[in-house]
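Understanding the architecture of this molecule
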Amino acid sequence: MKKTAVVSCLLLFVAASALAQTQVDPKYQIHDRNRPLPPVIDAGTSSTQETPGRPPSDATVLFDGKDLSKWQHKDGNTAKWKVENGYFEVVPKAGQLYTRDSFGDCQLHVEFAEPSPAKGQDQDRGNSGVFLHGVYEVQVLDSYQSKTYADGQASAVYGQFPPQVNASRPPGQWQIYDIIFHGPRFDSAGKLLRPARITAFHNGVLVQDNVELTGPTGHQQRPPYAATPEKLPLSLQDHNHPVRYRNIWIRELN
Ligand code: MG
């Protein structure tokens, strides 16, 4: 094949991939009044430092300030992290938490607060993490006036993508991650059809713009994809630091 033909094919492929995500539904005329309207929901309210907001009415609430009944440890044991005053807190060495239910592509809302006063530095400062599918970590860390490597600071896709900006608030203040996650897809033989993608906002600011993951995240390693189900539990990391969480909800995407 000539070089120009290869380029044309490549462009077509890129265009087709883009279309696959944004294509207008050919079943309906423009402004078609017979087209079904989207469901009406209550959008909820925003959080303040004092009070967590109300989740959208169609969200699945994973923590409402009262108990950890939606969570467990890897061995299935009851969650041993501490619940008080509307939040829960990592109990060092108690182990990572996993949701009892599994989730696929989703919009995830998580609020966290770093230990105050701050203790330690670099990766040893308010370290936890939000693990989509249990293996793709959006880093939780105290990165307020505290340095570490770029792809390991707060709101990094750990070991792969630094955030576009450092939007961290001081320790003790509530911070918010809003994450859009599209899991990987595999064919029946286990071959990767599309990688996992993450878009993330930290305190309302875009920090990850539809990045394509190389595979699960890891410390000093980028392991390849292995075929996984479309739905898996979410996880929160116990990194031996008493990070707090509140107001966690998820909306699965169709
Ligand atoms: Mg971490």
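None of these values were measured; they are calculated from a predicted model. (Residues numbered from 1 in each chain as written. Predicted model: local features only at pLDDT ≥ 70, side-chain atom pairs only at ≥ 80, totals over all residues. Heavy atoms only, no water.)

Turning to the coordination of the magnesium ion, a few remarks are in order. Around the magnesium ion, the protein supplies Asn127 (OD1), Ser128 (O), Glu137 (OE), Gln139 (OE1) and Gln237 (OE1) as donor atoms, at distances of 2.2 to 2.3 Å. Counting the intervening residues between successive donors of the magnesium ion yields the motif N-S-x8-E-x1-Q-x97-Q. Neither residue differs from the other here; serine 128 and glutamate 137 are each classed as buried. (Donors = N, O, S within 2.8 Å, 3.2 Å for Na, K, Ca; no water. Buried < 20%, exposed > 50% of the residue type's maximum accessible area, 1.4 Å probe, protein only.)

This paragraph deals with the environment of proline 163. Among the structural elements, proline 163 can be located in the loop between β8 (136–140) and β9 (174–182). Measuring from C-alpha to C-alpha, the distance between proline 163 and phenylalanine 201 comes to 9.4 Å, with 38 residues separating the pair along the chain. Among residues more than four places away in sequence, those in contact with proline 163 are Ala150, Gln153, Ala154, Ser155, Ala156, Val207 and Gln208. (Helix = DSSP H or I, 4+ residues; strand = E, 2+ residues; numbered from the N terminus. Contact = heavy atoms within 4.5 Å.)

Moving on, we come to the pairing of strand β13 (residues 205–212). Each regular strand displays side chains that alternate between the two surfaces of the sheet. Sheet topology places strand β12 (residues 197–202) next to β13; 5 bridges connect them, and they run antiparallel. Bridged to phenylalanine 201 within β13 is leucine 206. The antiparallel pairing of β12 with β13 creates a hairpin that spans 2 residues between the two strands, and asparagine 203 there sits at a positive phi of about 55 degrees. (Pairing = 2+ DSSP bridges.)

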